[in-house]
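# Chains, contacts and geometry: an overview
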Amino acid sequence: MQNRCTPNMPRIDVFAPAKVNLALHVTGQRADGYHLLDSLVAFSPVGDALTLAPADALVLKVSGPEGAAVPEGPENLVLKAAALFGVGAAVTLEKCLPAASGIGGGSSDAAAALRGMAALTGQPLPDAAAVLKLGADVPMCLDPRPARTRGIGEDLTPVALPPLPAVLVNPRVEVPTPSVFKALTVKDNPPLPEIPAFADAGACIGWLADQRNDLQAPAVAQAPVIAEVLAVLAALPGCKLARMSGSGATCFGLFGSEAEAEAAQTALAASHPGWWSAHGSLGDQAQKAAATVR
Ligand SMILES: C[C@](O)(CO)[C@H](O)COP(=O)(O)OP(=O)(O)OC[C@H]1O[C@@H](n2ccc(N)nc2=O)[C@H](O)[C@@H]1O
Ligand SMILES: Nc1ncnc2c1ncn2[C@@H]1O[C@H](COP(=O)(O)OP(=O)(O)OP(=O)(O)O)[C@@H](O)[C@H]1O
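Residues numbered from 1 in each chain as written. Chains lettered and ligands numbered in written order. Predicted model: local features only at pLDDT ≥ 70, side-chain atom pairs only at ≥ 80, totals over all residues. Heavy atoms only, no water.

### So, the UniProt feature "domain: GHMP kinase N-terminal" (unreviewed entry) in the protein chain
- The positions that UniProt labels "domain: GHMP kinase N-terminal" (unreviewed entry) are, in the present scheme, residues 76-137.
- The distance separating the terminal C-alpha atoms of residues 76-137 is 15 Å; by composition the span is 50% helix and 10% strand. (UniProt positions renumbered as here; feature names shortened; annotations may be inferred. Helix = DSSP H or I, 4+ residues; strand = E, 2+ residues; numbered from the N terminus.)

### So, the UniProt feature "domain: GHMP kinase C-terminal" (unreviewed entry) in the protein chain
- The positions that UniProt labels "domain: GHMP kinase C-terminal" (unreviewed entry) are, in the present scheme, residues 199-270.
- The annotated region residues 199-270 carries 54% helix and 15% strand content, and the separation between its end C-alpha atoms amounts to 34 Å.

### Regarding the pairing of strand 9 (residues 251-255)
- Here strand 9 lies mainly inside the structure; five of its five residues are buried.
- Of the two faces of strand 9, the one holding Cys251, Gly253 and Phe255 and the one holding Phe252 and Leu254 are both buried throughout.
- In this sheet, strand 9 lies alongside strand 7 (residues 164-170) in antiparallel orientation, the contact comprising four bridges. Directly across from Val169, in strand 9, lies its bridge partner Cys251.
- Pairing of strand 8 (residues 239-244) with strand 9, which is carried by five bridges, proceeds in the antiparallel orientation. (Buried < 20%, exposed > 50% of the residue type's maximum accessible area, 1.4 Å probe, protein only. Pairing = 2+ DSSP bridges.)

### Some details on the packing of aromatic side chains
- All chains considered together, the criterion is met by one aromatic pair.
- Between Lys288 and the ring centre of Phe15, over which it is positioned, the NZ or CZ distance is 4.5 Å. (Phe/Tyr/Trp six-rings, centres within 6.5 Å; stacked < 30°, edge-to-face > 60°. Lys NZ or Arg CZ within 6 Å of the ring centre and 35° of its normal.)

Structure (structure tokens):
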């Protein structure tokens, strides 16, 4: 770790933004069981923070308000990602996103670790197959800009989206991704239609209202509180659309302005103090997520 004796040791800071599936259509299933998706994703200014510094061995320290539920051992996706570089590093992870919550926390942390290790070592990023092996959401989190994602998550097409003022809400129920996919009965749903150029956030939200998250119904069946979260979000003043992200349980509400989203989150935090919530405009977080050297 950096100290007064090693003033020139580089320290890398990297941000891991939350991923939000604005729409998620399950369109098929591969022979190996993985599901084929057609999803539109955007990224939140809310996320986890990592630091990386040179070290003899690869070690991870987890802290932060959501850190208690996250392992510090080799099962942590940060260590799995960093190990691909074959050198030691002292990594810290400040966990702000709830774990196992459908907003790609572990995947975004892994992607941030890859960006950070590349900056620390000067090595290139691992190849696409190695990145996908870390998790289906890791490729989209590597370059956190709005994208249409197909295949199991590896087929990415950038999409221009207006910033979407949003509130994220998690009722503090962990919903494991495999069990939600397992509970899905219809696996050959229609894909997303062509994504038009949106004049503004209102046009985008109007288009999104006609799309779906096909994992929402099986997730609600396993964790009925998700239906309550969606109803509470939809009833907040100014909420134009409420939907679940990923395999849940985190849901998002989209609003007409940042001020409306902030006011809605303040009201929700007061009425449901046990729920995790955050606000911020969904969109392109690539700049904020870039590794910076100190
Ligand atoms: C639901 C999404 O968050 C949508 O973006 C992702 O598809 C899930 O991505 P992830 O958490 O990175 O998923 P992984 O860690 O790769 O897979 C966890 C488990 O979810 C199921 N899984 C995941 C992705 C996918 N396209 N089909 C699946 O059936 C598989 O049972 C897999 O064993
Ligand atoms: N860095 C990490 N942060 C959070 N969870 C991690 C991490 N590394 C490994 N895990 C494990 O991964 C599991 C899934 O957590 P994660 O937060 O990635 O799920 P998720 O938000 O549902 O992801 P997705 O939206 O990609 O499906 C947890 O049970 C946790 O123990």
